[in-house]
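# Summary of structural features
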Amino acid sequence: MARRALITGITGQDGSYLAEHLLAQGYEVWGLARGQANPRVSRMRKLLADVQVVRGDLLDQGSLISAVERVQPDEVYNLGAISFVPMSWEQAELTAEVTGMGVLRMLEAIRVCSGVSRGSSSRSGQIRFYQASSSEMFGQVTETPQNERTGFHPRSPYGVAKAYGHFLTQNYRESYGMYAVSGILFNHESPRRGAEFVTRKVTLGAARIKLGLATELRLGNLEARRDWGFAGDYVRAMHLMLQAAAPEDYVIGTGRMKSVRDLVEAAFTAAGLDWEQYVVLDQTLHRPAEVDLLCADPKKARVQLGWEPTVSFDDLVAMMVESDLRLLSNGGDPDQDSSWP
Ligand code: NAP
Ligand code: G4F
């Protein structure tokens, strides 16, 4: 029988790549989708016709129990979150509820539906749980590169909410013997990345300027450094983590850091433009507390899971610029529901 996976966050970047990957592995894939007439569900359905949809919301405990009862999954991937860091200052309570408490609700739905209780010892036949933890938990980093033992100093309500979900996942593993793991993923991008995140904002901005649809691009802190990889590579790591003999947490990243300035230069060069003529610095885009640098040490994933990233930073940026030039040249609107390549 096909293994069954339930993915929260199915309408997001990672949900789409993970669903494609699991379908290709022969899984029956279900996606949890929220809202009454959520336009992102129809966009997802156009790309992923074989994914079955179950309604539910990370804010609603009963809906998660119903979803787990209905789908009877072998694996649950909890990717749903308020994931845009600046929004977490504007709506801190909502972020805590969805990104933090949502993890508790999903774990409880699994615990209740599978009858797991304190002191359970056997993990066989259990629903396996993946939590989308984030390198934002490292925040103001205490060492570089960051690994599974590096301490956390989150710098945003988002990072704090993720740290709660991370520790709770560990706690359910330790308290109930659940097969529950966290992937501590560093920034990963693609042509399906939301237009609010800096990589896509820059590749869309360069493409708009190249096509004469804009004359400038406004950005915040160009000095921040991130470890950027390709989302398609990172969803393979999520799946591998749930196939391991024992549940453990893993850092996933490339081990290479680039600045926002490097990103801008690479994207504008790929579009055949000189960035310094078009980029305008905007203080209002700076954050109340910045994460200056993030850089992964992915050795454990490489050794234990055999995971390696396959797309370089330059190839990733070129892929995104090319995709955005094609999208805009064809009259596509990145904010509309048909825009996913
Ligand atoms: P994304 O594109 O922003 O997708 C977020 C998903 O969460 C969307 O499908 C959204 O659904 C869903 N969601 C929001 N509120 C919800 C709620 N109340 N109930 C159920 N679902 C809800 O994020 P992503 O880049 O794919 O990231 C996936 C996960 O990995 C997130 O948890 C993110 O925090 C984490 N992460 C991402 C990165 C990265 O670099 N991409 C790195 C580390 C960790 P709607 O369409 O209904 O809004
Ligand atoms: O692309 P960003 O918004 O991503 P950020 O904050 O690193 O968060 C992403 O990665 C996390 C993993 O580390 C995820 F957990 C999270 O869900 C999300 O996917 O910003 C990257 C950097 C920041 O330092 C920001 O200050 O780019 C800098 N930046 C400079 N100008 C900008 C801009 N960011 C955005 N979004 N927009 C700007 O105009």
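Description of the structure in this document. Since the model is a prediction, treat every value here as computed from it, not as a measurement. (Residues numbered from 1 in each chain as written. Chains lettered and ligands numbered in written order. Predicted model: local features only at pLDDT ≥ 70, side-chain atom pairs only at ≥ 80, totals over all residues. Heavy atoms only, no water.)

## Observations concerning the site of ligand 2
Around ligand 2 sit 23 residues in total, of which Ser134, Ser135, Tyr158, Arg287 and Glu290 are the nearest. In the model, an oxygen atom of ligand 2 is placed 2.8 Å from a nitrogen or oxygen of the Arg193 side chain. Gly220 places a polar main-chain atom, nitrogen or oxygen, 2.9 Å from a nitrogen atom of ligand 2. Protein chains bury 95% of the 720 Å² of accessible surface belonging to ligand 2 in isolation. (Near = heavy atom within 4 Å. Polar contact = N/O pair within 3.5 Å; in protein donor to acceptor, adjacent residues only side chain to side chain. Areas by Shrake-Rupley, 256 points an atom, 1.4 Å probe, with all protein chains shown as cover.)

## Here we look at the site of ligand 1
Around ligand 1, a shell composed of 26 residues is seen, among which Thr11, Arg34, Arg40, Ser83 and Tyr158 lie nearest. One of the backbone N or O atoms of Ala81 is found 3.0 Å from an oxygen atom in ligand 1. Contact distances for ligand 1 include 2.6 Å between an oxygen atom and a side-chain N or O atom of Ser83. The fraction of the free accessible surface of ligand 1 (900 Å²) that becomes covered by protein chains is 92%. Where the shell around ligand 1 is concerned, the elements lending two or more residues are α1 (13-24), β5 (128-134) and α6 (157-176). Of all the elements, β5 adds the most residues to the shell around ligand 1, at three residues. (Helix = DSSP H or I, 4+ residues; strand = E, 2+ residues; numbered from the N terminus.)

## Notes on the packing of helix α7 (residues 198-210) against helix α9 (residues 260-270)
One way to put it is that α7 packs onto α9 with a least axis distance of 9 Å and a crossing angle of 35°. With respect to the hand of their crossing, α7 and α9 are arranged in right-handed fashion. Side by side, α7 and α9 meet where Val198, Thr199, Val202, Thr203, Ala206 and Ile209 of the first sit next to Val260, Leu263, Val264, Ala267 and Phe268 of the second. Residue composition of the contact of α7 with α9, by class: nine nonpolar, two polar and no charged. (Axes fitted to C-alpha atoms, helices over the stretch in contact; angles between N-to-C directions. Left-handed = near helix turned anticlockwise from the far one by under 90°. Contact = heavy atoms within 4.5 Å. Nonpolar A, V, L, I, M, F, W, Y, C, P; charged D, E, K, R; others polar.)

## Remarks on a negative patch on the surface
A cluster of acidic side chains, namely Asp262, Glu265, Asp274 and Glu276, defines a negative patch on the protein surface. Residue position: Asp274 is located in the loop between α9 and β13 (279-281). Residue classification places Asp274 among the partly exposed residues on the basis of a relative accessible area of 38%. (Patch = residues over 30% accessible without salt bridge, like charges linked within 9 Å, V, L, I, M, F, W, Y side chains within 5 Å. Salt bridge = Lys/Arg side-chain N within 4 Å of Asp/Glu carboxyl O. Lys, Arg positive; Asp, Glu negative; His and termini not counted. Charge placed at Lys NZ, Arg CZ, Asp CG, Glu CD. Buried < 20%, exposed > 50% of the residue type's maximum accessible area, 1.4 Å probe, protein only.)

## Structural notes on the packing of aromatic side chains
Following the criterion strictly, the structure yields 10 aromatic pairs and no others. Their ring planes at 65° and their centres at 5.5 Å tell us that Phe138 and Phe152 sit as a pair that is edge-to-face. Of this pair, Phe138 sits in the loop between β5 and α6 while Phe152 sits in the loop between β5 and α6, and the two are 14 residues apart along the sequence. The class of Phe138 is buried, set by a relative accessible area of 0%. (Phe/Tyr/Trp six-rings, centres within 6.5 Å; stacked < 30°, edge-to-face > 60°.)

## So, unusual backbone geometry
Geometrically, the link from Thr144 to Pro145 is a cis peptide bond, its omega value of 0° lying close to zero. With respect to the helices and strands, Pro145 occurs in the loop between β5 and α6. The phi angle at Gln72 is positive, at roughly 50°, despite the residue not being glycine. In this fold, Gln72 is placed in the loop between α3 (61-71) and β4 (75-78).

## Re the pairing of strand β6 (residues 180-185)
Within β6, six of the six residues are buried, leaving the element largely enclosed by the surrounding structure. With burial as the criterion, each face of β6 is covered, one bearing Ala180, Ser182 and Ile184 and the other bearing Val181, Gly183 and Leu185. Of the pairings in the sheet, the one linking β5 to β6 comprises six bridges and is parallel in character. Within the sheet, the bridge partner assigned to Ser134 lies in β6 and is Leu185. (Pairing = 2+ DSSP bridges.)

## What about the sheet that holds strand β3 (residues 52-55)?
Whenever strands of a sheet pair, they do so through backbone hydrogen bonds, lying parallel or antiparallel. Taken together, seven strands build an open sheet; the order of strands is β3-β2-β1-β4-β5-β6-β11 and the sheet is parallel. Each end of this open sheet is capped by a strand with a single partner; those strands are β3 and β11 (250-252). Direction aside, neighbouring strands of the sheet carry axes that sit 25° apart on average. Against the sheet, helix α5 (residues 92-113) engages β1 (4-8), β4, β5 and β6, with an angle of about 170° to β5. Contacting β4, β5, β6 and β11, helix α8 (residues 231-243) crosses the sheet at an angle of about 140° to β4.

## Examining the nonpolar core
Grouped together as the largest cluster of nonpolar side chains are 60 residues, with contacts concentrated most on Ile7, Tyr77, Tyr130, Met241, Ile252, Val264 and Phe268. Among the elements that make up this core, the one with the highest residue count is α8 (seven residues). Residues within four places of Met241 in sequence aside, it is in contact with Tyr130, Tyr179, Val181, Ser182, Gly183, Leu185, Tyr250, Ile252 and Leu305. (Core = buried A, V, L, I, M, F, W, Y, C linked by side-chain atoms within 4.5 Å.)

## Things to note about α8
With 13 residues, α8 should cover 18 Å at 1.5 Å per step; its first-to-last C-alpha distance of 19 Å lies within 8% of that length. Here α8 lies mainly inside the structure; 10 of its 13 residues are buried. For α8, every residue scored as buried is listed here: Ala231, Gly232, Asp233, Tyr234, Val235, Ala237, Met238, His239, Met241 and Leu242. (Expected span 1.5 Å × (residues − 1).)

By themselves, these are just geometric observations and shouldn't be taken as functional.
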